[in-house]
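# Descriptive analysis of the structure
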Amino acid sequence: TATATATYTPTPTATMPPPPVTEVCGSITANTTWSPANGTYVATCGVTVDTGVTLTIQPGTVIKLSYWGDFTINGTLRVQGTSANPVYFTSLQDDTIGGDTNNDGDETSPGKGDWDQIHVSNGGRVEMSYATLRYGGGYYYYPYSTIYLDDGSTVVLDHVNINNSLDSGIYVDLGSTSTAEMASLTVTNSTIADNGSKGIYVYGQAEDAISLALENNAFSGNGYGAVDITLDPITSLSLLNNSGTGNGNNSVYLSGTANNDLSLPGNSGMPYWLSYISIPSGKTLTIQPGAVVKLSGSVYVEGTLSVPGTATNPVTFTSYNDDSVGGDTNNDGNATSPAKGDWGPIYTVDGGRVEMSYATVRYGGDRSCGSYGTTTLCLTNGGTVVLDHVSLTDSLGYGVAVQLVNQNGSTSGAETANLTITNSTIAGNSYDGVYTFGGPEDTVTASVTYTNFSNNTGYGILAYYHKGSLTLENNTFTNNRNGAISIDWNSTLTLGLLNNSGTGNGNNSVYLS
């Protein structure tokens, strides 16, 4: 009897077709709307939105870009994502959203620089809400950022996530020509993370005009830093409630010249890092209560530096290496610590004015005031400094120096300076707490009242040779190594000395010579 043998024939595995794709390339010359109904959009080459034309992208739309893919916006790009249905701009190799669009399984994966950028220029405008942009900044066009603004551009982003750009997340660059250019950037409630260089970089020349608002944003993991702003072209500036962690530096880095009146608000989440900045005559830089300012260079004041701290919200000026306030700004853990001479000084020159209340100023004194030693605050001809409830400590040189003699030891004519200090502390500085120096024709008007001088390596106050007036009332001098007060008395210097006291100084006296 024949025995039947059963055989097994496997059922072929069903292969899912790739999601529907709409390829896009070239110029958009009429108002156009993209929506999820057309599947995933794939930019196979550059897409240009022409002047006067609007491209609207509806909630839930996914746009993928190849290496040659980019957007140039000369008209308007309007991205209308929602919290439930955001819009995505991502790499063609990104299978996590919109499926395996290039139909290669796991052979490829997305990376920084997979596509180029959204380039906004020539009056172009981008309005974008609830969107994610990732893996941009390719080498095809400089700069290698995901969003690039140049002349005539306006970009408004809200609840946008920009991450994994090859270079910066957003780059504003108006520095390529000598003609006046303009741009406007507003970023709110957004996340800028894991970009190769800076989260946001803003650059331009003095003749340019950039309006900048960054509010309620989180910056993390950006290789060279969170935010970098050149002040020269900034005409309007709003920086509120931003935060930074794990960046190359966790700060808003500021450099250049403040050619317009600007204000820096309190910033508990991310301090300001000042390199070398200048405030021109007639302009005011205001640093608001609660601000933390870290420095690695000097500040040149020909206009006004206004620091209106309060008792409950003081302002702090300190070293870039100081982690005790504003966090680990240089993102190096415990590798560095603050020290005298890490920055400075703040120079007042040619009529410059510093007004400072309820502030802490420490670890300055990197550079000299004239040719007679380093200092944290330096007054030269026409300078005015007014300090009230200020703690000025740990300078590598003088706490405050008035220097009215130029580098060769003589003046080119009568010079003046004005110094007022009240209810303050000048302590732990490596030279004198306050030093005033000028030629016999120079005039220093100085008033120091209700101030504590302690542990300065030189004198608490040393005044040398100039004329003018020196009022010292109700001050306390403690443990200043050379002595409490020393005055090299020019007979034309008017002295007002009342109710000062000293203990533990090199000499507990007013030394007159």
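As a starting point, this report considers the structure included with it. Just so we're clear, the structure is a prediction, and the values are computed from it rather than from any experiment.

Each pair of aromatic rings is reported with the distance of its centres and the angle of its planes. By the definition in use, this model includes 15 aromatic pairs. Judged by centre distance (4.5 Å) and plane angle (10°), the ring pair of Trp34 and Tyr41 falls under stacked. The same class applies to Trp34 as to Tyr41, namely buried. Centre to centre, the rings of Phe453 and Phe477 are 4.9 Å apart; their planes meet at 5°, and the pair counts as stacked. Of this pair, Phe453 sits in strand β39 (residues 452–454) while Phe477 sits in strand β42 (residues 476–478), and the two are 24 residues apart along the sequence. Its relative accessible area of 1% is what places Phe477 among the buried residues. Chaining the aromatic ring pairs together yields one cluster made of Tyr398, Tyr431, Tyr435, Phe437, Tyr464 and Tyr465. Seen from the ring of Tyr201, Lys198 lies directly overhead, with NZ or CZ sitting 4.1 Å from the centre.

With that settled, consider empty space enclosed by the protein. Throughout the structure, instances matching the rule amount to one cavity of 30 Å³ or more. Roughly 60 Å³ of internal volume is contained in the largest cavity. Every residue along the wall of the largest cavity is listed here: Leu239, Leu240, Asn241, Asn242, Val252, Gly266, Asn267, Met270 and Tyr272. Within the lining of the largest cavity, the residues separate by chemical class into five nonpolar, four polar and no charged.

On to the pattern of salt bridges. Applying the stated rule across the entire model yields seven salt bridges. The closest approach of N and O atoms between Asp228 and Lys198, which form a salt bridge, is 2.9 Å. In this pair, Asp228 sits in strand β19 (residues 225–230) while Lys198 sits in strand β16 (residues 198–203), placing the two residues 30 residues apart along the sequence. Side by side, Asp228 and Lys198 carry an identical accessibility label, which is buried. Note that Glu355 and Arg353 form a salt bridge whose closest N and O atoms lie 2.5 Å from each other. Judged by relative accessible area, Arg353 falls into the partly exposed class, the value being 32%. Through salt bridges with shared partners, a single ionic network connects Arg78, Arg125 and Glu127.

Conventions used here
- Residues numbered from 1 in each chain as written.
- Predicted model: local features only at pLDDT ≥ 70, side-chain atom pairs only at ≥ 80, totals over all residues.
- Heavy atoms only, no water.
- Phe/Tyr/Trp six-rings, centres within 6.5 Å; stacked < 30°, edge-to-face > 60°.
- Buried < 20%, exposed > 50% of the residue type's maximum accessible area, 1.4 Å probe, protein only.
- Helix = DSSP H or I, 4+ residues; strand = E, 2+ residues; numbered from the N terminus.
- Lys NZ or Arg CZ within 6 Å of the ring centre and 35° of its normal.
- 1 Å grid on protein atoms, 1.4 Å probe; cavity = no way out; pocket = protein on both sides within 12 Å on 5 of 7 lines; lining within 4 Å.
- Points joined across faces, edges and corners; volume = space filled by probe spheres on them.
- Nonpolar A, V, L, I, M, F, W, Y, C, P; charged D, E, K, R; others polar.
- Salt bridge = Lys/Arg side-chain N within 4 Å of Asp/Glu carboxyl O.

Honestly, it's all geometry; don't read function into it.
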